[in-house]
Amino acid sequence: MGVRYFQKDIETMPRAQLEALQLERLRRMVDYCYNNVPFYHKRLGEAGIEGGGKIKALSDVQYIPFTTKDDIRDNYPFGMMAVPMKDIVRIHASSGTTGKPTVGVYTQGDIDQWAQYMARVVTAAGVTAEDIIQISFGYGLFTGALGLHFGLEKIGATVIPASSGNSEKQLMMLRDFGVTGLVATPSYALYLGELVRESGYPQEAYAKLRHGILGSEGCTEEMRRRIEESLGVTVTDNYGMTELQGPGVSGECTERCGLHFNEDGFLPEVIDPDTLQPKGRGEAGELVVTTLTRQGMPVLRYRTKDITRLHYEPCACGRTHARMEKVMGRTDDMLIIKGVNVFPSQIESVLVGMDNVGPHYQLVVTRKNYLDRLEVKVELTDSSLLESFGELQGLQKRIHDKLRSVLGLETKVTLVEPKSLERFQGKAKRVQDLRNTKN
Ligand SMILES: [Zn+2]
């Protein structure tokens with residue numbers, strides 16, 4: 001009998017009751033931040049919110065000042081901490097691509113709570129105590145691996161802390177240990193899927209694989225379909241970030257119609273990233289999150305830079321917690337080319353819908369004579385195509401025309417040989433913006 005971790009009383013709580021709980025926790029959290037974090041004492045004081053008593057309704061959250069990544073960076077490493085270091089049991093950090101990493105600190109209470117939120121996410125994804133899950137996220141400072149690790153152990157699943165890299169060994173464990181689920185980034189899952197096909201073992205050698213629990217970067221529908229085909233899994237998405245705890249903020253249930261927010265622990269909002277005003281329910285904008293239970297490093301109205309929508313209608317699975325759409329892009333991934341907003345995910349969705357090209361691509365943005373130019377390098381799936389100039393030209397034109405209709409922009413499409421673009425074991429880096437470098 002698989003032990004499941006569905007906290008029915010909380011996860012199916014009627015909205016009115018849930019929102020009353022959120023209001024109570026928000027007021028307590030504002031008090032807690034005001035009294036324990038000098039940064040928030042100052043910020044909240046300047047906004048005239050000298051404690052939770054000023055918050056009369058949940059919608060009053062909009063009067064609380066935002067917290068940005070820069071705020072967290074400016075207070076590196078421990079300036080956002082609300083408890084003395086002796087109460088901290090663990091430190092994580094995100095791999096900042098520029099400058100100092102983002103640090104997250106955890107009390108024992110935070111670690112226990114995190115495991116609980118994570119246990120809900122993997123349970124919603126269909127994982128039980130009977131599953132054997134291989135975690136192919138890199139362990140270390142990154143929150144992803146240990147976050148999933150503790151949540152999966154909490155529900156009684158068997159965890160293999162494979163970490164990332166050494167792909168042959170990854171495949172060997174998938175076959176020999178009877179692995180039923182894989183935790184990885186979508187790009188690494190895609191890569192492992194390619195290797196499975198070439199591994200020389202029949203597909204049956206991997207037949208026990210059922211769950212693909214993917215996260216930490218975006219995954220288009222088409223990419224998801226390819227991973228599901230090549231690995232024989234059902235893919236579910238989950239969401240989180242070091243600034244908020246790590247993974248376990250939201251996760252997809254098996255209905256796969258959005259990622260349920262753990263709303264008793266995280267209060268989500270969607271704002272217009274330009275005007276900073278709240279968006280209506282169901283409208284797209286930047287996701288802003290307030291932690292409602294975190295002790296070590298609480299965060300008020302954190303601007304995630306992720307673009308999404310929130311839906312509040314009940315889900316067929318019975319959960320009442322809001323569903324967040326798969327992240328559509330990041331406000332800082334958004335390329336502005338000749339004044340047009342372009343998300344890499346839009347380009348991906350065009351490419352994966354076409355024959356003879358793979359899901360691997362690269363974007364190169366350059367500027368010449370004050371004019372931006374976007375080159376889209378696309379990998380072919382079959383090198384025999386390279387022998388037919390006519391076919392190549394036709395394919396190139398089809399991609400170009402489709403991109404023009406989706407983006408409203410002229411691009412240069414370059415077709416490259418199979419397997420010539422870089423593969424990523426962590427997060428994919430698909431955009432090269434060379435506009436500010438001298439050539
Ligand atoms: Zn659901």
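Residues numbered from 1 in each chain as written. Predicted model: local features only at pLDDT ≥ 70, side-chain atom pairs only at ≥ 80, totals over all residues. Heavy atoms only, no water.

Student: How do you make sense of the overall build of the protein chain when you look at a structure like this?
Tutor: Summing up its helical and strand segments, the protein chain has eleven helices and 21 strands in all. Its C-alpha atoms give the protein chain a radius of gyration of 23 Å, within 12% of the compact-globule value 22 Å for 439 residues. Scored against the burial criterion, the 439 residues of the protein chain give a buried share of 53%. The long-range share in the protein chain, meaning contacts at least 24 apart out of those at least 6 apart in sequence, stands at 66%. Here the protein chain contributes 54 positive and 56 negative side-chain charges, whose respective centroids are spaced 3 Å apart. (Helix = DSSP H or I, 4+ residues; strand = E, 2+ residues; numbered from the N terminus. Rg over C-alpha atoms; globule rule 2.2 N^0.38 Å. Buried < 20%, exposed > 50% of the residue type's maximum accessible area, 1.4 Å probe, protein only. Contact = heavy atoms within 4.5 Å. Lys, Arg positive; Asp, Glu negative; His and termini not counted. Charge placed at Lys NZ, Arg CZ, Asp CG, Glu CD.)

Student: Would you mind showing me how to read the coordination of the zinc ion here?
Tutor: Within the protein, the atoms that donate to the zinc ion are C253 (SG), H260 (NE2), C315 (SG) and C317 (SG), at distances of 2.1 to 2.3 Å. Its four donor atoms give the zinc ion angles of 103 to 115 degrees at the centre, a pattern that matches the tetrahedral case. Site description for the zinc ion: donor spacing in sequence, C-x6-H-x54-C-x1-C. Here C315 lies in the loop between β13 (310–311) and β14 (323–324) and H260 lies in strand β9 (residues 259–261), a separation of 55 residues in the sequence. Residues H260 and C315 agree in their burial class; the two are buried. (Donors = N, O, S within 2.8 Å, 3.2 Å for Na, K, Ca; no water. Tetrahedral: all angles 85-135°; square planar, octahedral: opposite > 155°, others 65-115°.)

Student: What is the right way to read the domain arrangement of the protein chain from this model?
Tutor: Interface size, as often reported, equals the accessible area lost upon joining of the parts. Taken as a whole, the protein chain is organised into domain 1 (1–330) and domain 2 (335–433). Taking only C-alpha atoms into account, the centre of domain 1 sits 31 Å from that of domain 2. On the domain 2 side, the residues contacting the 20 residues of domain 1 number 17 residues. For the pair domain 1 and domain 2, the two sides together bury roughly 1,500 Å², of which 54% comes from carbon and sulfur. The tally of links from domain 1 across to domain 2 stands at three salt bridges. Note that E194 is salt-bridged to R423, the shortest N-O span being 3.7 Å. The tally of links between domain 1 and domain 2 comes to four residue pairs in polar contact (both at pLDDT 80 or more). The set of elements that each furnish at least two residues to the side of domain 1 that touches domain 2 consists of α8 (186–198), α9 (221–231) and β15 (329–330). Among the elements that line the side of domain 1 that touches domain 2, the one with the most residues is α8, at six residues. Within the side of domain 1 that touches domain 2, the residues separate by chemical class into six nonpolar, eight polar and six charged. (Domains from an automatic or database assignment. Buried area = accessible area lost by both parts, 1.4 Å probe. Salt bridge = Lys/Arg side-chain N within 4 Å of Asp/Glu carboxyl O. Polar contact = N/O pair within 3.5 Å; in protein donor to acceptor, adjacent residues only side chain to side chain. Nonpolar A, V, L, I, M, F, W, Y, C, P; charged D, E, K, R; others polar.)

Student: Whenever I open this one, the pairing of strand β18 (residues 357–368) confuses me. Can you help?
Tutor: Moving residue by residue along a regular strand, the side chains alternate between the two faces of the sheet. The element β18 is largely enclosed, with a buried count of ten among its twelve residues. Bridge count for β18 against strand β19 (residues 371–380) is nine bridges, and the pairing is antiparallel. Directly across from Q362, in β19, lies its bridge partner K377. In this antiparallel pair of consecutive strands, β18 and β19, the connection spans two residues, and N369 shows a positive phi of 50 degrees. (Pairing = 2+ DSSP bridges.)

Student: I'm lost on the packing of aromatic side chains in this one. Help?
Tutor: The relation between two aromatic rings is expressed through the spacing of the ring centres and the mutual angle of the planes. Taken as a whole and assessed by the stated rule, the structure comprises five aromatic pairs. Seen from the ring of Y312, R281 lies directly overhead, with NZ or CZ sitting 3.7 Å from the centre. (Phe/Tyr/Trp six-rings, centres within 6.5 Å; stacked < 30°, edge-to-face > 60°. Lys NZ or Arg CZ within 6 Å of the ring centre and 35° of its normal.)

Student: Is there a simple way to explain the packing of helix α7 (residues 167–176) against α8 in this structure?
Tutor: Running from amino to carboxyl end, α7 crosses α8 at an angle of 75 degrees, the nearest separation of the two axes being 11 Å. For the element pair α7 / α8, the angle class is roughly perpendicular. Here S167, Q170 and L171 of α7 lie close against α8, whose contacting residues are Y188, Y191, L192, L195 and V196. Among the residues making up the contact of α7 with α8, the classes are represented as six nonpolar, two polar and no charged. (Axes fitted to C-alpha atoms, helices over the stretch in contact; angles between N-to-C directions. Parallel < 35°, antiparallel > 145°, perpendicular 65-115°, else oblique.)

Student: Explanation requested: helix α5 (residues 108–124) in the structure shown.
Tutor: The periodicity of an α-helix, 3.6 residues per turn, causes residues three or four places apart in sequence to face the same way. Given a rise of 1.5 Å per residue, 17 residues ought to cover 24 Å, and the 25 Å separating the end C-alpha atoms of α5 matches this to within 8%. Of all 17 residues that make up α5, twelve are buried, and the element is covered over most of its length. The set of residues buried in α5 consists of D110, I111, W114, A115, Y117, M118, A119, R120, V121, V122, T123 and A124. Immediately beyond the C-terminal end of α5, within one or two residues, lies G126, with a positive phi of roughly 100 degrees. (Expected span 1.5 Å × (residues − 1).)

Student: What should I look at first to understand the sheet that holds β18 in this one?
Tutor: Where strands meet in a sheet, backbone hydrogen bonds hold them as pairs that are either parallel or antiparallel. With mixed pairing, four strands are arranged side by side in an open sheet as β20-β19-β18-β21. Strand pairing shows two members of the sheet lacking a second neighbour, β20 (412–416) and β21 (431–433), which therefore form its edges. Sheet twist, expressed as the average angle between the axes of neighbouring strands with direction ignored, equals 15 degrees. Pairing analysis gives five bridges linking β19 to β20, with the strands arranged parallel. Bridging from a neighbouring strand, E379 pairs with V416 of β20. In this fold helix α10 (residues 344–351) packs onto β18, β19 and β21, with an angle of close to 135 degrees to the strand it touches most, β18. The strands that helix α11 (residues 389–407) touches are β18, β19 and β20; relative to β20, the one it contacts most, it runs at about 135 degrees.

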